[in-house]
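As a plain string of letters, each chain reads:
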Amino acid sequence: MLTLTINDVDLEVDVPDDMPLLWVLRDVLGMTGTKYGCGIAQCGVCTVHMNGNAVRSCVLPVSEAAGNKITTIEAIGKTALGKRVQQAWLEHEVVQCGYCQSGQIMAAVALLEKVPDVDDADIDLGMAGNMCRCCTYTRIRGAIKSVAKA
Ligand code: FES
Ligand code: FES
């Protein structure tokens, strides 16, 4: 039995230590906001925060998540920065099909947390691992910059 702290709630899960956190979130806990894409840390759609850092939950063994503070898309809007980023996403009409956007928002919040006055180079570096098949990159960049300016 492992105890996970997800979105400030302690949850006990009875799963194998090496099960990826993404599987636990989606299939065990029913938290389906975090998406499954490649499963090999290449696309970013499964991005969550561990102690404020963006991590790929598809390759993070759940045992490594235990004892750390995990935040998912379901709760990112409860932080001031997360709320501002989500609002900017709406204002810039970023979303197309939407599948990648949980991961994009989680990556953007982690980036802005570390670099509040991001420039293009910071965005290139911080968002490089998050793919979007609908090519919403320009709007993502605009939304992130609008939060940085504010
Ligand atoms: S599903 Fe995790 S990076 Fe693609
Ligand atoms: S909005 Fe469709 S994959 Fe990004």
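Bear in mind that the values here come from a model prediction, so they are computed numbers and not experimental data. (Residues numbered from 1 in each chain as written. Chains lettered and ligands numbered in written order. Predicted model: local features only at pLDDT ≥ 70, side-chain atom pairs only at ≥ 80, totals over all residues. Heavy atoms only, no water.)

In this section: the domain arrangement of the chain. Looking at the chain, the domain boundaries give domain 1 (2–75) and domain 2 (76–149). Taken over C-alpha atoms, the centre of domain 1 sits 20 Å from the centre of domain 2. Opposite the 19 residues of domain 1 that make contact, domain 2 presents 18 residues. Carbon and sulfur atoms make up 55% of the area that domain 1 and domain 2 hide from each other, which totals about 1400 Å². For the domain 1 face of the interface with domain 2, the top three residues by lost area are His49, Ile73 and Ala75, together amounting to 35%. Across the contact surface, domain 1 and domain 2 share 10 residue pairs in polar contact (both at pLDDT 80 or more). Among the secondary structure elements, those contributing two or more residues to the side of domain 1 that touches domain 2 are strand S3 (47–50) and strand S4 (53–56). A breakdown of the residues in the side of domain 1 that touches domain 2 according to their chemical character gives 7 nonpolar, 9 polar and 3 charged. (Domains from an automatic or database assignment. Contact = heavy atoms within 4.5 Å. Buried area = accessible area lost by both parts, 1.4 Å probe. Polar contact = N/O pair within 3.5 Å; in protein donor to acceptor, adjacent residues only side chain to side chain. Helix = DSSP H or I, 4+ residues; strand = E, 2+ residues; numbered from the N terminus. Nonpolar A, V, L, I, M, F, W, Y, C, P; charged D, E, K, R; others polar.)

Interhelical geometry of helix H3 (residues 80–91) versus helix H6 (residues 137–149) gives an angle of 135° and a closest axis separation of 9 Å. Between H3 and H6, the angle is such that the two are oblique. Our pair here, H3 against H6, has a crossing hand that is right-handed. On the side of H3, the interface is formed by Leu81, Arg84, Val85, Ala88 and Trp89, while H6 contributes Ile140, Ala143, Ile144, Ser146 and Val147. (Axes fitted to C-alpha atoms, helices over the stretch in contact; angles between N-to-C directions. Parallel < 35°, antiparallel > 145°, perpendicular 65-115°, else oblique. Left-handed = near helix turned anticlockwise from the far one by under 90°.)

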